[in-house]
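Remarks on the overall topology
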Amino acid sequence: MSDAAAPAPSSGLSRRAWIMILTGAVIVTLSMGVRQSFGLFLRPVGLDLEIDRQTFGLIIAAQNLLFGLIQPFVGAWADRHGAGKVAVGGALVYLAGLAVAATAANALGLMLGFGVMVGLSMAGVTFVVVLGAVGRAVPPEKRTLAFGIVTAGGSFGQFLVVPAAQGMLDALDWRVTLFVLGGMVALIIPLALGVAGKPPVADARDGLPLKAALREALTNPSYALLNLGFFVCGFHVAFVGTHLPAYLRDMGLSGGVGAGSLALIGLFNILGSWLWGAWGSKGSKKGLLTLLYALRGVAIAVFLLVPLSPASALIFAAVFGFLWLGTVPLTNGLVAQIFGVRHLSALAGIVFLSHQVGAFLGAWLAGVAFDLTGSYSAIWIISIALAVMAALANVPVREAPVVRPEAVPAE
């Protein structure tokens with residue numbers, strides 16, 4: 001570990017580490033905040049471009065899938081060359097994608113902008129790349145807490161940006177709203193300086209060379225189980241984030257309740273991400289993941305059983321928000337704990353790919369189910385079953401670091 005990244009005796013974190021944590025949190029705030037507002041565009045865009053929910057859901061699903069498919073490669077590049085360059089490139093593609101979507105005349109144009117370009121760009125400006133840089137800058141005992149702080153940034157963005165986007169949609173054309181959101185994304189470019197810098201030269205304590213690290217992880221049962229759990233997380237987040245506002249409108253509630261629900265998810269996930277990260281720094285990460293997924297299933301079941309009202313919708317949003325992205329610091333913390341930080345962005349990127357496959361299915365299948373049946377009931381039930389599966393999958397995870405030879409050659 002370089003001198004610049006050495007922990008300060010007083011706080012346990014160096015000045016450089018704090019800069020990375022705080023600027024990384026703001027980058028995630030902007031990138032995820034804008035992205036989490038996309039569900040609000042389902043109705044106005046669908047009416048204007050005459051596309052159904054299945055098509056809109058497929059576009060968001062494609063965004064999620066491409067986001068995941070490219071993430072391991074972008075993560076590996078960031079591990080070698082630094083997160084700053086990757087974040088700048090991602091922000092530029094993000095801006096271009098929003099511009100293409102804002103000028104789209106049909107579903108194909110929306111797919112190119114929202115689906116392909118935004119999907120590819122997100123791999124450079126969200127959790128995996130930022131957490132990889134942060135993970136190398138903080139000591140192991142502070143790592144999961146630092147991950148929780150950065151993850152909370154994504155929720156803070158959701159809390160700020162989603163209501164602002166709804167206000168703009170109420171007052172302005174959806175195309176103008178996308179251009180304004182693009183202005184927020186542009187702020188990522190100067191912020192990328194905070195996470196810039198080539199990672200330090202690795203040694204045996206940091207992990208194996210990339211090819212060997214991939215073989216080690218892909219043959220480890222615990223890594224497979226973490227992938228399975230994160231798949232479920234992606235399904236839940238994409239389904240709720242994309243379709244909850246429309247579901248509430250279908251059930252007779254106002255658009256304001258839908259936007260308020262997404263905002264509350266973001267607000268309570270600020271607290272949730274920080275607390276799950278803090279708890280993960282002190283206790284069993286796999287135990288916390290088991291509890292978190294089980295509570296998601298309970299929250300959905302209660303939401304479906306009680307009579308729907310503005311109050312019940314907002315309470316569900318608050319509870320689900322507390323459980324929203326607490327999986328991120330815990331899962332990334334386990335990957336770092338088990339395999340080391342040398343290729344954290346690459347290995348976490350593969351786990352994130354699993355998350356995005358789940359997100360693809362959550363966004364798309366919900367649209368298919370609605371168009372076929374006029375209801376989201378089947379997807380809610382599937383979400384409960386998946387929560388149970390994810391909870392059980394985390395029980396046998398082995399949290400101990402892998403044992404490897406002392407001398408590991410540098411790449």
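Figured I'd write up the structure that's included with this text.

Time to look at helix H14 (residues 310–322). Look at H14: 19 Å from first C-alpha to last across 13 residues, which is about the 18 Å you get at 1.5 Å a residue. By the burial criterion, the buried members of H14 are Ser312, Ala313, Phe316, Ala317, Ala318, Phe320 and Gly321.

With that settled, consider the packing of helix H11 (residues 221–250) against helix H17 (residues 377–394). Interhelical geometry of H11 versus H17 gives an angle of 155 degrees and a closest axis separation of 9 Å. When the axes of H11 and H17 are compared, the pair comes out roughly antiparallel. Every pair of crossing elements has a handedness; the one defined by H11 and H17 is left-handed. Residues Leu225, Leu226, Leu228, Gly229, Val232, Phe235, His236, Phe239, Val240, Leu244 and Tyr247 of H11 form the contact with H17, whose participating residues are Ile379, Trp380, Ile382, Ser383, Leu386, Ala387, Met389, Ala390, Ala393 and Asn394.

Turning next to the nonpolar core. Ranked by internal contacts, the top residues of the largest apolar core, which has 124 residues, are Leu110, Phe114 and Trp380. Among the elements that line this core, the one with the most residues is H11, at 15 residues.

We now examine the side chain of Asn220. Take Asn220: it is sitting in the loop between helix H10 (210–218) and H11. Accessibility expressed as a relative area gives 16% for Asn220, which makes it buried.

The final tally for this structure, using the stated rule, is 2 salt bridges. Salt-bridge contacts for Arg175 lead to Asp48; the nearest nitrogen and oxygen are separated by 3.6 Å. Here the residue Arg175 occupies a position in helix H8 (residues 174–186), and Asp48 occupies one in helix H2 (residues 42–49), the gap between them amounting to 127 residues. Accessibility expressed as a relative area gives 41% for Asp48, which makes it partly exposed. Asp79 is paired through a salt bridge with Arg136; the nearest N and O atoms lie 2.9 Å apart. A residue pair is termed long-range when its members are at least 10 positions apart, and Asp79 in helix H3 (residues 53–81) and Arg136 in helix H6 (residues 127–137) qualify at 57 residues.

Calculation notes
- Residues numbered from 1 in each chain as written.
- Predicted model: local features only at pLDDT ≥ 70, side-chain atom pairs only at ≥ 80, totals over all residues.
- Heavy atoms only, no water.
- Helix = DSSP H or I, 4+ residues; strand = E, 2+ residues; numbered from the N terminus.
- Expected span 1.5 Å × (residues − 1).
- Buried < 20%, exposed > 50% of the residue type's maximum accessible area, 1.4 Å probe, protein only.
- Axes fitted to C-alpha atoms, helices over the stretch in contact; angles between N-to-C directions.
- Parallel < 35°, antiparallel > 145°, perpendicular 65-115°, else oblique.
- Left-handed = near helix turned anticlockwise from the far one by under 90°.
- Contact = heavy atoms within 4.5 Å.
- Core = buried A, V, L, I, M, F, W, Y, C linked by side-chain atoms within 4.5 Å.
- Salt bridge = Lys/Arg side-chain N within 4 Å of Asp/Glu carboxyl O.

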